[in-house]
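Structural description and commentary
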Amino acid sequence: MDKEVFEHYLNTNRRHFLGKMAMGMGGVALGSLLMPDLLTGKKAAEEQLPLGLKHFAAKAKRIILLVQNGAPSQLETFDYKPKLNDMFGQELPPSIRGEQKLTGMTAGQESFPLVGSKFSFKQYGESGTWVSELLPNIAKITDDICMIKSMHTDAINHDPALTFMQTGAQVGNRPSIGSWFSYGLGSENQNLPAYCVLLSKGKGNGQGAYSKLWSNGFLDSSHQGVQLSASEDPILYLNDPKGMDRETRRKMLDHLASLNQLGYDEFGDPEIPAKIKQYEMAFRMQTAVPEITDVSKEPDHIKKMYGPDCMVPGTYAANCLLARKLSESGVRFVQLYHQGWDQHNDLVGEIKGQAKDVDMASAALITDLKQRGLLDETLVIWSGEFGRTNYCQGKLTKDNYGRDHHPRCFSIFMAGGGVKAGMSYGKTDELGYNIVESPVHIHDLHATIMHLMGLDHEKLTHKHLGRRFRLTDVHGHVVKDILA
Amino acid sequence: MKKIVLQLFILGVLLVSCKEEGQYASIPQKKVPDRVDYNFDVRPILSDKCFNCHGPDANKRSEDLRLDTPEGAYGALKDSENEFAIVPRNIEKSVVYQRITAKDSSNLMPPVDSNLKLSDYEIKVLKKWIEQGAVYDAHWAFSPVEKPQIPNTDSDWVNNEIDHFVLNKLDEVDLQPNEIADKERLLKRVSLDITGLPPTPEMRKKFISTNNTNAYEQIVDELLGSDHYGEKMASHWLDVARYADSHGFQNDQLRTMWPWRDWVIYAFNENYSYKKFVTYQLAGDLMPKKNIETILATGFNRNHKINQEAGIIEEEYRIENVTDRTNTFGKAFLGLTLECAKCHDHKYDPISQKEYFNTFAFFDKVIHRPKAMGEVLAEAPLITITDEVVEKELPFVNKKEPEDIEVMVIEEKADIRTTHILNRGVYDDKGEIVQPSTPESVLKFDTLVYDSNRLGLTKWLFDKKNPLTSRVFVNRVWQEIFGEGIVRSSGDFGMQGDLPTHIGLLNWLSADFMENDWDMKRLVKQIVMSSTYKQSSVVDDKKLAIDPDNRYLSHMTRLRFSSETIRDHALATSGLLNEEIGGRSVKVYQPDGIWEAASSGRGILANYVQDHGEDLYRRGIYIFIKRTTLPPVQLTFDAATRDQCEVKRQSTMTPLQALIALNDPTILEAARVLSETLIQEESTVDEKITEAFGRIMSRTIKPQEKEMLVGYYHDQEEAFANNKQKAKDFIEVGEYPILKGRDEVKVAALMQIIHTIYNLEETIVKG
């Protein structure tokens, strides 16, 4: 059955449904984990998916999306362009720029001098993948990853570009990619949300990452991304108040349940037993979540692999380690945002620290998953929201420069979950401005990710205000060349 | 209509039998009606499965065939003058029928790659429709409102016209309406629906003790006269108007639109007619008798998001703003998805891309900031509100700060620019020049009658021949009270929208609303005076089986409070509520670090600076809304994101909501303060619990409930007495001053009982 029809059916008959459930009849999985307990029996959630929802055999079961928020320069990381060093200070040829609109920040610039990377590049692994000296640990795992150098997007500013990457549209209240997976596949764990979000800040110029980006849009709000924080309350309002111990809380829930039962006896509204179940799940989350978020019991070799920061809550490294734990526990979609990649000026100074923040832990995450035998079923994606210009923004000196936003090309990498390992895909021109081979649009990336998760991006739809919406709108092609 | 009812009945019965077999996921078979109706049976199928390629969108039309008009369907096919898509009463010759039943998949319609498929039921309906003459009717929502005859029903249950319509439909499915709810629950319901607040203990006492037959009506009038009525009505309007306290992009800077929000509350309380209310907001700057109040009201169309990022392309975002105003106009006032016609002709509704840009043109003549202003609170055009202005002209603006306030408004310059169709909706891909006008299928925009500006647009909107304005608003008022509108898709009255459950009732109410000068308070009163409204919310198995969604209104639906009401209820019943109306938005308790973690660190909203004192106890509609990082409690309880115009909220149930109810200091503090209040009273534990329960639930505690809670109290008292530190810790919540010399163990024990009551299912349900 179509997902959409199925949910419609559930919604229209929710009360009736819940009524039967309350009497002990189970057997159906709802999209998300935030509601599942009332409807599921003991089978794994996946076995109970609505018929026909999985469109293909899935390669990946879970996703970890590492958002490099602010847009890392592809020219200092993965897209090696020695020609730019040769042409230092020369004007960007108008023929190369073509019709490209510039941002308000450089549109007024009189000159667009080309500038090459201050950081050296080498080829690594059997695959011979180019990586700059800024990312020595990622360089070591090139044979496990698929590098895409031909990503492009429609948006030229942070907010619209991030929103586009997250929702497939630059504006409008559309569901985030994680919400789509929660909606389409549900979760594998009864006590954790299907879609978790982790935030960290780097040292570089930052751009915000905010709840709008993990919004459920027009999907049911149970598909909302749930932000886990580094504070004592890993999920907002998770902890009991002061003076309240578990036993007292348990007693309260028992009284609540008895009193609510009286209400059910009077009104017969099936929402009442459903609510009792929600409280029970909340109670279980209170123990389950802190167990997951506590990384202190990880063995030393793991801590070492992720680097010393992984013991500092709220850092990118700690979040990578936490992402592994969450994913391992069955969270369908874990998303990290790491701020600080917006190097309009002082790129040389800022990007070092920024790269250092993420290099070790990003590589460790992939290695860790691989060692546990989980990489095959977990898709890891490392990506910014757009690329950066090959010309300098602001003052160009021999030692330093800045780069503006550039939507026409950028580099990302993926690992595990059914993508080819040890591959570089797509090419840009020798000045690193335009794509010359195998372009991959954001919609194509979305289509490909869905494919790897066993979903047809044209079929996973939700009808809202008369129209069937998809993550990929009316676009997107699966990039078959990178499928393992 | 009876046929639909029967179908649903059968559907319901089948559902039950399916369930018995445990086959939850199978869709029951519906019975094809004896006489198919184009609007109710056929068009939903065609619209959903065929119009995408054979509908109103000329650019995407396949084979030059359109099935949304009789001319298109009956005419000869493109390549064959002897073949016809539909030949009325002739299945064999109707190519449509042959194609939808084709065995050969390459011939099948809809095509396999469309992912659309007709069900057996749908094929049967289309077959019967063709056999019965393939008659097309105009879309119901685009036909002018005609006041229908009131059905004759003979029952003591009926109180006003609404009830005749409802009872008439209930008869068709053999369901009986419920009796009137008990007085206490009815009072809770009506008080919440009119003011958003639970009844005060005095009100409850008065209402319960009287036997006066007019007592209910007196209460209704009293509630409608309260200034809290305006706040309740405003809370929905703020969603419609996408009101917020920040600009909505990137650094998400502060904005100061709250004086506009104060005006909205004032306008509702003054009972402005809907016509005046909307005219001020859409065209207050163009009115012959304009003044600062009418201009302030135009802030409605500046509530959209504004991108202040340094790198933006100015024209792109100007177009984005005009688009937002156009789409909001469509959704809020016409109940249409106009936005679907921005990039191409509408796929389902008779709205062309040109008509989209005709409508767009009204909002395109507005002065836009000359260039990016940087991160300012208000961008031109704006008005400055000084103390003097407040005193003389805008007394309803609750301005306490000495600084002047700048509020963004609309200012027109008729010849400022020409408006073009934007090809594919792209901001710089200009096509044909267009003039201000509206979609003709709704009502022709006759320039001899209406001026070609926003004031003319409001005249068109409130022309009694306009089929949508009244229906759409009446439907939303109904929705806010019953949880669902008579048209459930309250934002889509078009072809893909839901059909009305009670079309006669909707038409009657809409006509009556117009006849009575768009009087909003009168409309609310009319609804809450009906027996339909006053019914109890008890359901039984028969009602659940036949009509699980309560489309027929055989009982009142139990509805969870909105996020604002949950808060207001806790504050009001604990005695903490600050009843002040209007003023700048407030920052209440919120877990630390949410804004800080999500922001870039720039701008005055990078850090959350919580308010203190009385500001902590303001009503939910005054909570500060930072668009990119919404207040977490609101977000979890389904508040609108204020990203764009929203006309209906979701109502979900998640464990995250349970965590908030259990652990949010707002609720805990309410429990603590009410406990302290009751501890001071000279009364027994029984009496204290009875009093707390009565205040919070707005009803008398039942013996069984009392027994349970009193027993629980003694248990907790003992537990806290054995661990006084825990009692001390537990009651240390919230900034409200503590009761001096309190018995900490007793306060903690009673607080625990009260907190339990706050967490009961019934507490936050309008039942």
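These numbers come from a predicted model, not from an experiment. (Residues numbered from 1 in each chain as written. Chains lettered and ligands numbered in written order. Predicted model: local features only at pLDDT ≥ 70, side-chain atom pairs only at ≥ 80, totals over all residues.)

**Thoughts on the overall build of chain A**
- Across its full length, chain A carries 13 helices and 17 strands.
- Scored against the burial criterion, the 484 residues of chain A give a buried share of 61%.
- A separation of at least 24 residues holds for 76% of the contacts in chain A among residues at least 6 apart in sequence. (Helix = DSSP H or I, 4+ residues; strand = E, 2+ residues; numbered from the N terminus. Buried ≥ 20, exposed ≤ 12 C-beta atoms within 10 Å, placed from the backbone. Contact = placed C-beta atoms within 7 Å.)

**Some details on the UniProt feature "domain: Cytochrome C Planctomycete-type" (unreviewed entry) in chain B**
- UniProt records the feature "domain: Cytochrome C Planctomycete-type" (unreviewed entry) for residues 50–113 of chain B in the present numbering.
- Span residues 50–113 of chain B is 23% helix and 11% strand, its end C-alpha atoms 13 Å apart. (UniProt positions renumbered as here; feature names shortened; annotations may be inferred.)

**Examining the UniProt feature "domain: DUF1549" (unreviewed entry) in chain B**
- If you check UniProt for "domain: DUF1549" (unreviewed entry), the listed places come out as residues 161–366 of chain B in our numbering.
- Note that residues 161–366 of chain B is 57% helix and 0% strand, and that its end C-alpha atoms are spaced 44 Å apart.

**Some points on the interface of chain B and chain A**
- Taken together, the 84 residues of chain B in the interface contact 79 residues of chain A.
- It is helix α27 (residues 655–663) of chain B that provides the largest number of residues to the side of chain B that touches chain A, a total of 8 residues.
- Its residues assigned to classes, the side of chain B that touches chain A comprises 36 nonpolar, 30 polar and 18 charged. (Nonpolar A, V, L, I, M, F, W, Y, C, P; charged D, E, K, R; others polar.)

**Remarks on the confidence of the model for chain B**
- On average, residues of chain B score 92 in pLDDT, and 96% of them are at 70 or above.
- ipTM for the predicted complex: 0.87, alongside a pTM of 0.85. (pLDDT = per-residue confidence, 0-100.)

**A short note on the environment of A:Val115**
Residue and element names in this part refer to chain A.
- Looking at the secondary structure, you find Val115 in the loop between α4 (94–97) and β2 (121–124).
- The spatial distance from the C-alpha of Val115 to the C-alpha of Ala421 is 31 Å, given a sequence separation of 306 residues.
- Contact partners of Val115, with chain neighbours within four places excluded, come to Leu84, Phe88, Tyr391, Cys392, Leu396 and Tyr401.

**Details of the packing of helix α19 (residues 469–482) of chain B against helix α20 (residues 503–515) of chain B**
Residues and elements named next belong to chain B.
- Orientation of α19 relative to α20, taken along the N-to-C sense of each, is 110°, at an axis distance of 9 Å. As the angle between them shows, α19 and α20 are arranged roughly perpendicular. On α20, the residues that touch Ser470, Arg471, Val474 and Asn475 of α19 are Leu506, Leu509, Ser510, Phe513 and Met514.
- Considered class by class, the residues forming the contact of α19 with α20 number 5 nonpolar, 3 polar and 1 charged. (Axes fitted to C-alpha atoms, helices over the stretch in contact; angles between N-to-C directions. Parallel < 35°, antiparallel > 145°, perpendicular 65-115°, else oblique.)

**Regarding the pairing of strand β5 (residues 195–201) of chain A**
Residue and element names in this part refer to chain A.
- With 7 of its 7 residues buried, β5 lies for the most part within the structure.
- Pairing of β5 with strand β7 (residues 333–339) involves 7 bridges; the strand directions are parallel. Across the sheet, the residue bridging to Cys196 is Val334, located in β7.
- Bridge analysis of β5 against strand β6 (residues 226–228) gives 3 bridges, and the strand direction is parallel. Pairing of Leu198 across the sheet is with Leu228, part of β6. (Pairing = 2+ DSSP bridges.)

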